[in-house]
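Each chain, written out:
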Amino acid sequence: MQVTAIDQGKLEQVLTKYEGQEGVLISVLQEVQGEFGYVPKEVIENIAGALKLFPSQVYGVVTFYAQFYLTPRGRNTIKVCEGTACHVQGATSVLRELKTKLGVAEGGTTDDLKFNLESVRCLGTCFLAPVVMINQDYYGKLQPRDIEDIIKHYD
Amino acid sequence: MEEITLSLNGLQLTGKPGTTILELAQQNDISIPTLCYDPHLKPAGACRVCLVENEATGVLLASCVTPIAAGMVINTESPKVIEARRTVVELLLASHPDACIICDEGSNCELGKIAADLEISEVRYTPMRHYYPIEDTNPFIERDLTKCILCGKCIRGCQELQEVGAIDYAYRGFDSMPATSLEVPLEQSPCIFCGLCVTLCPTGALSEKMRKDKGRETRRVRTICPYCGCGCGIYLDIRDQEVIGVSPDGDNPVNNICLCVKGRFGYDFINHKDRLTTPLVRRNGNLEEASWDEALDLVASKLQQIRDESGADSIACLSSAKSTNEENYLMQKFARAVVGTNNVDHCARLCHASTVAGLASSYGSGAMTNSIAEIEDADVILVTGSNTTENHPIISIRVKRAVRKGAKLIVVDPRKIDLTKYATLWLRQNLGTDVAWLNGMMHIIIEEGLWDEDYVKTRTENFDALKETVKKYTPEFVEKVTGIPQDMLREAARIYASGKKASILFAMGITQHSTGTDNVKSIANLAMLCGNVGIESAGVNPLRGQNNVQGACDMGALPNVFPGYQAVGDQQVVSKFETAWGKKLSTNPGLTVVEMMNAAEEGKIRAMYLMGENPMISDPDLKHVEAALKKLDFLVVQDIFLTEAAELADVVLPAVTFAERDGTFTNTERKVQRIREAINPVGEARPDWQIICQLASRMGDDMNYQHPSEIMEEIAKLTPSYGGIYYDRLENGGLQWPCPDREHPGTKYLHKDRFTRGLGLFQAIEYIPPAEMPDEDYPYFLSTGRVYYHFHTGSMTRRSQGLDEIYPHALAEINPADARELGVEDGAMVKVTSRRGEVEVEAMLTERVPQGMIFMSFHFSEAAANVLTNPALDPVAKIPELKVCAVRVEKA
């Protein structure tokens, strides 16, 4: 996993804004994630110090919510629909192809931080089954062989 | 408010408003099962095992969080309750492994007990376990979270009680678990291994590694921790004649249920293989085993011979702050009445002699003015020269709780100690400039009119002299001397003066200076100036280092005073003791520890009798100490191990540990508490009091006591402040002196309405620099102290497996900037040299120390900091300047 150095200035800005206030941990975490794309492990102690919390409490909240990530996220998020309609239409083989082509497991991020691969239960576009959503774009009626061409368009 | 009446299991019961249903039930001996409840913790209502039914409404209530209300009809065992409780417990069992037969928790498992009470024989649900690997990479605690039932007691204890917060819940739902931040192993987290989580854990999820394979205890004995001056209540867990563990005494108000790592896990020195089990006598240069008769006869005859040849003052005795009050009393009685000299002292000379001298002259009484528990309710706390978190862990919890409640904390310390994290203000003074900043604060407080005029007028004297002296300590001048920026000093002065209940805590950083007594008097001045003495939660509070150093001083194991600080120069006092002891007594004040060593080297002291002291590690300038002890004609050492000092002895007498004797310790807040014999003496070891008595009778004086309680009766008769202290009163808790008579309840805080000496005395003090300052040859300051995992000369903690494993060798703290200049990397060996000697030690690069200063602990004989330290003495208290000397540092 690629580790980028933390911009301390950005972190300080967020922390100064909230320093000494109570009940603001989630807001701080959201802003930090907004700045860095994830919650870098190195900042947990700083956040705890500024909010007068124990680092374990900050870590507890980060791991409780699905919205927070402790590792850098990819630039593009692929959501493979595994709802009933897509499943029947072969979503599993589409997902398998994505895993092979990207070299990551479900829920993972590629080493070059290009893609996150996630599966979801329904994207509400069953008429396109099997469907994959990349960022805000939909790709429907897919075959595994279509994948290579689609992911080429993202950087 | 009016009491509330309700029906509980058909009984009409009343309780105070705010009482929970569970508490009311417990008060009336009605048991309700609980898993997440502990009386020391805030109730959480998490486990749902304590459900009860309010039959008036049919609602199930968690009794631990529901306050009683009028009209409730509570049934703790209704069919509905039992069904709900069974479901809860069965669900827990469904996710709990079937490992009960091999689980260390055994019959102590709360989950198992409740399941048995509910007669659950079969679980109706499909087992669903969350298997976690066992974590046991630290020496103390094994975590097997597969057995965790998520009651959260470990988390709440760590956060609410210990203020450490190493763990919290992580993840969610079925994946929830107590975890450290980033799930690092405990030893890499802020965990301090106090063991509270293990104490609170209701199942086998948390267990003590050192207790593995030791079996279950067969007895528990209530006693007091043998380490620092906090005086925490503990239970020794015993199987046969071995101490296999320690548990906190939750009823002792000093610590409630908290302990530190030393008290909790530092017990295995008691049954250690190195214990001295027979007397040793030097024959042909070697220490060889001898009978008690041979050893005692030899000691008695040699002491008598030397006394006959060179007079009683050629003999010196060192008493022990580790021994009981009764034993200290006997040791000074032995020196004074049997040998006939006032040459008796102990290691308080090296720690708080300046406190005793300074506070006695300012207030009339040299002890902590207030109590440990009161610290929690102070509104301002000034901590200086005390690394409280490491050296008085249980007191540091009170400080942290006070901060949580809104108190302002000012830390004045050259090192960035843990408490600076909690401080409103941290002043980093140059080493050895305490009088200057204290005078500076008083200058500002007087200049800005923030002092308590009324208090100063009615309760004190000599204010004008102080005012005159502090005049020139302007913030500008003080900044030059101390390095403390003017505005910070001003802010500190304003914060301290603004406190209605401002408490000052201090320790060795103030006292171990050649100006130690001046430092203490200045603190006394500051506290009086703002009217902070004689009220609750304020005062001047010296934190004393040893479990019984307060008591050893109280008992007169000092060369200038009898028990209760009654002067040896006072003819009336001398007559009283002459009558009581039936002997003519010397009125010459005796020698202090460092003076004794000097006199030994000069040949004026020919024999020494050391009880539980190890000057070969604890005293300044060890090379000199070694030369002095070797020069002696006769050295007797009475100890539990063959210490560095014992290795030089002519006769070694094996003593017992705190676990093998009855007696009392007096903690830092003046509380006299009972310790109890828990196991038989190891080998032929004997309690100090018996050894002294047997020696005295061989020297022709009959000291005849059947039990330490009889000694305490004699102490009570001769010592006004202990006049009401008798064993029968100590059974259920301690008594704080002054306790002048049998009916007196003890004294929580001193100097209420009137100082012990009448009026509080302001003393005008000028700043004097330390005796040795850095120069071209020795460019660094060296300061010394203790670390959390070890105690004093290490004879106990270094023989405690876990403590020595987690902190195995000495570390010298060096500022990274200095290290760069020296070309020293973290973990490299460095040679530290002073005018008196050199040691090699591993460097630890840390910002904790400022540039230009090295810090070393003195526990380690292989890198003994006291080889380097300066024996320069405070002129009044004769305390050596252990906190400041000049050294050179090189790559080893």
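Preceding this paragraph is the structure being described.
Residues numbered from 1 in each chain as written. Chains lettered and ligands numbered in written order. Predicted model: local features only at pLDDT ≥ 70, side-chain atom pairs only at ≥ 80, totals over all residues.

**Brief notes about the overall build of chain A**
- Each helix and strand in chain A was counted, giving 7 helices and 4 strands.
- Listing every helix and strand of chain A by position from the N terminus yields α-α-α-α-β-α-α-β-β-β-α.
- When its C-alpha atoms are laid out on the principal axes, chain A stretches across 55 × 30 × 20 Å.
- Counting across all 155 residues of chain A, residues that qualify as buried make up 28%.
- Sequence-distant contacts in chain A: of pairs separated by 6 or more residues, those separated by 24 or more amount to 63%. (Helix = DSSP H or I, 4+ residues; strand = E, 2+ residues; numbered from the N terminus. Buried ≥ 20, exposed ≤ 12 C-beta atoms within 10 Å, placed from the backbone. Contact = placed C-beta atoms within 7 Å.)

**Overview of the sheet that holds strand β2 (residues 115–120) of chain A**
Residue and element names in this part refer to chain A.
- Across the sheet, 4 strands lie side by side as β2-β1-β3-β4; this open sheet has mixed pairing. The sheet is open, and its two edges are formed by β2 and β4 (137–139), each paired on a single side. The average angle at which neighbouring strand axes cross in this sheet is 20 degrees, direction not considered.
- Two strands pair when backbone bridges link them, and strand β1 (residues 76–81) and β2 are joined in this way by 6 bridges, in the parallel orientation. (Pairing = 2+ DSSP bridges. Axes fitted to C-alpha atoms, helices over the stretch in contact; angles between N-to-C directions.)

**Looking at the interface of chain B and chain A**
- Counting residues at the interface gives 13 residues for chain B and 11 residues for chain A.
- Looking at the side of chain B that touches chain A, the elements that each hand over two or more residues are β7 (167–170) and β8 (177–180) of chain B.
- Looking at the side of chain B that touches chain A element by element, the count peaks at 4 residues for β7 of chain B.
- Residues belonging to the side of chain B that touches chain A are distributed by class as follows: 7 nonpolar, 4 polar and 2 charged. (Nonpolar A, V, L, I, M, F, W, Y, C, P; charged D, E, K, R; others polar.)

**A short note on the environment of R835 of chain B**
Residue and element names in this part refer to chain B.
- Assignment of secondary structure puts R835 in the loop between β34 (829–834) and β35 (837–845).
- Take R835: there are 14 C-beta atoms within 10 Å of it, and that puts it in the partly exposed class.
- In this structure, the C-alpha to C-alpha distance between R835 and T869, residues 34 residues apart in sequence, is 8.9 Å.

**Brief notes about helix α2 (residues 79–94) of chain B**
All names here are of chain B.
- Here α2 contains 16 residues, and its C-alpha end-to-end distance of 22 Å stays within 8% of the 22 Å for a straight helix at 1.5 Å per residue.
- Here α2 has its buried residues at V81, R85, V89, L92 and L93. For α2, the arc enclosing every buried residue in end-on projection is 100 degrees, short of the 170-degree limit, so these residues lie on one face. Turned more than 90 degrees from where α2 packs its buried face, P79 and E83 sit exposed.
- Those residues of α2 hidden inside the fold are in contact with β3 (51–54), β4 (59–62), β5 (73–75) and α3 (110–117). (Expected span 1.5 Å × (residues − 1). Arc of directions from axis to C-beta.)

**A few points about the pairing of strand β36 (residues 853–857) of chain B**
Residues and elements named next belong to chain B.
- Across the 5 residues that make up β36, a large majority, 5, are buried.
- Across the two faces of β36 the burial is the same, with M853, F855 and S857 and I854 and M856 all buried.
- Of the strand pairs in this sheet, strand β32 (residues 780–785) and β36 are connected by 5 bridges, and their pairing is parallel. Looking across to β36, one finds that S783 is bridged to F855.

**Section: the packing of helix α1 (residues 8–18) of chain A against helix α3 (residues 44–51) of chain A**
Residues and elements named next belong to chain A.
- In contact at an axis separation of 9 Å, α1 and α3 are set at 20 degrees when each is read in the N-to-C sense. With respect to their mutual orientation, α1 and α3 come out roughly parallel. Between α1 and α3 the crossing geometry is right-handed. Here α1 contributes L11, L15 and Y18 to the contact with α3, which in turn contributes N46, I47, A50 and L51.
- Taken together, the residues that form the contact of α1 with α3 break down as 6 nonpolar, 1 polar and no charged. (Parallel < 35°, antiparallel > 145°, perpendicular 65-115°, else oblique. Left-handed = near helix turned anticlockwise from the far one by under 90°.)

In short, shape yes, function no, at least from these values alone.
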